[in-house]
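Each chain, written out:
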Amino acid sequence: MNTITVLLVDDHEGFINAALRHFRKVDWLQVVGTASNGLEAIERSEALRPAVVLMDLAMPEMGGLQAARLIKAQDDPPYIVVASHFDDAEHREHAMRAGADNFVSKLSYLQDVMAILESLHRGEAS
């Protein structure tokens with residue numbers, strides 16, 4: 001079974017820790033690193049080469065949209081999922097224009113992210 005490597009990016013440590021607790025239970029999923037802002041996300045994406053970046057929209061120093069643009073400019077960029085409490089058409093459109101492959105609401109984060117990761121794991125999304 002192929003393992004999906006993930007970089008978790010969020011400025012709230014509690015959110016990262018909750019996601020880590022859940023993802024550790026999934027045998028085909030490996031969190032290879034975390035970052036607390038877009039600048040760290042870009043650097044860690046380049047260094048760790050995850051298959052997927054799960055990234056918050058609003059963060060200090062650099063937000064998820066600008067980071068998504070720069071990560072997508074890397075060689076063989078990862079699949080990027082942007083997450084936000086602001087779940088409306090405008091935020092979704094901005095995320096997609098920035099290069100995000102998907103968008104999820106933080107209100108249903110684990111359910112939505114797991115569905116995306118399961119789809120990627122089965123090879124149904126690219």
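The structure under discussion appears in the preceding block.
Residues numbered from 1 in each chain as written. Predicted model: local features only at pLDDT ≥ 70, side-chain atom pairs only at ≥ 80, totals over all residues. Heavy atoms only, no water.

1. Some details on the overall build of the protein
Part 1 of the reasoning: Counting its regular elements, the protein contains five helices and five strands.
Part 2 of the reasoning: The N-to-C order of helical and strand elements in the protein reads β-α-β-α-β-α-β-α-β-α.
Part 3 of the reasoning: Counting all 126 residues of the protein, 44% fall into the buried class.
Part 4 of the reasoning: If you take every contact in the protein between residues at least 6 apart in sequence, the share linking residues at least 24 apart comes to 62%.
Part 5 of the reasoning: By element, 49% of the accessible surface of the protein is carried by carbon and sulfur atoms, the whole surface being about 6600 Å².
Part 6 of the reasoning: Distance between charge centroids for the protein: 3 Å, based on 11 positive and 19 negative side chains. (Helix = DSSP H or I, 4+ residues; strand = E, 2+ residues; numbered from the N terminus. Buried < 20%, exposed > 50% of the residue type's maximum accessible area, 1.4 Å probe, protein only. Contact = heavy atoms within 4.5 Å. Areas by Shrake-Rupley, 256 points an atom, 1.4 Å probe, with all protein chains shown as cover. Lys, Arg positive; Asp, Glu negative; His and termini not counted. Charge placed at Lys NZ, Arg CZ, Asp CG, Glu CD.)

2. A word on the nonpolar core
Part 1 of the reasoning: Counting residues in each nonpolar core, the largest one holds 22 residues, and the members touching the most others are Leu8, Phe23, Leu29, Leu54, Tyr109 and Leu117.
Part 2 of the reasoning: Considering each element in turn, this core owes the most residues, six residues, to helix 5 (residues 109–121).
Part 3 of the reasoning: Discounting residues that sit within four places of it in the chain, Leu8 has contacts with Ile16, Ala19, Leu20, Phe23, Val31, Gly33, Thr34, Ala35, Leu54 and Tyr109.
Part 4 of the reasoning: Val9, Ile42, Val53 and Ala68 belong to the second-largest nonpolar core, a separate cluster that totals 19 residues. (Core = buried A, V, L, I, M, F, W, Y, C linked by side-chain atoms within 4.5 Å.)

3. Considerations on the environment of Ala35
Part 1 of the reasoning: Along the chain, the position of Ala35 falls in strand 2 (residues 29–35).
Part 2 of the reasoning: Taking the relative accessible area as the measure of exposure, Ala35 reaches 4% and is therefore buried.
Part 3 of the reasoning: When the C-alpha atoms of Ala35 and Ser119 are compared, they prove to be 24 Å apart, with 84 residues separating the residues in sequence.
Part 4 of the reasoning: Every residue in contact with Ala35, bar those within four places of it in the chain, is listed here: Leu7, Leu8, Val9, Asp10, Ile16, Glu40, Ala41 and Arg44.

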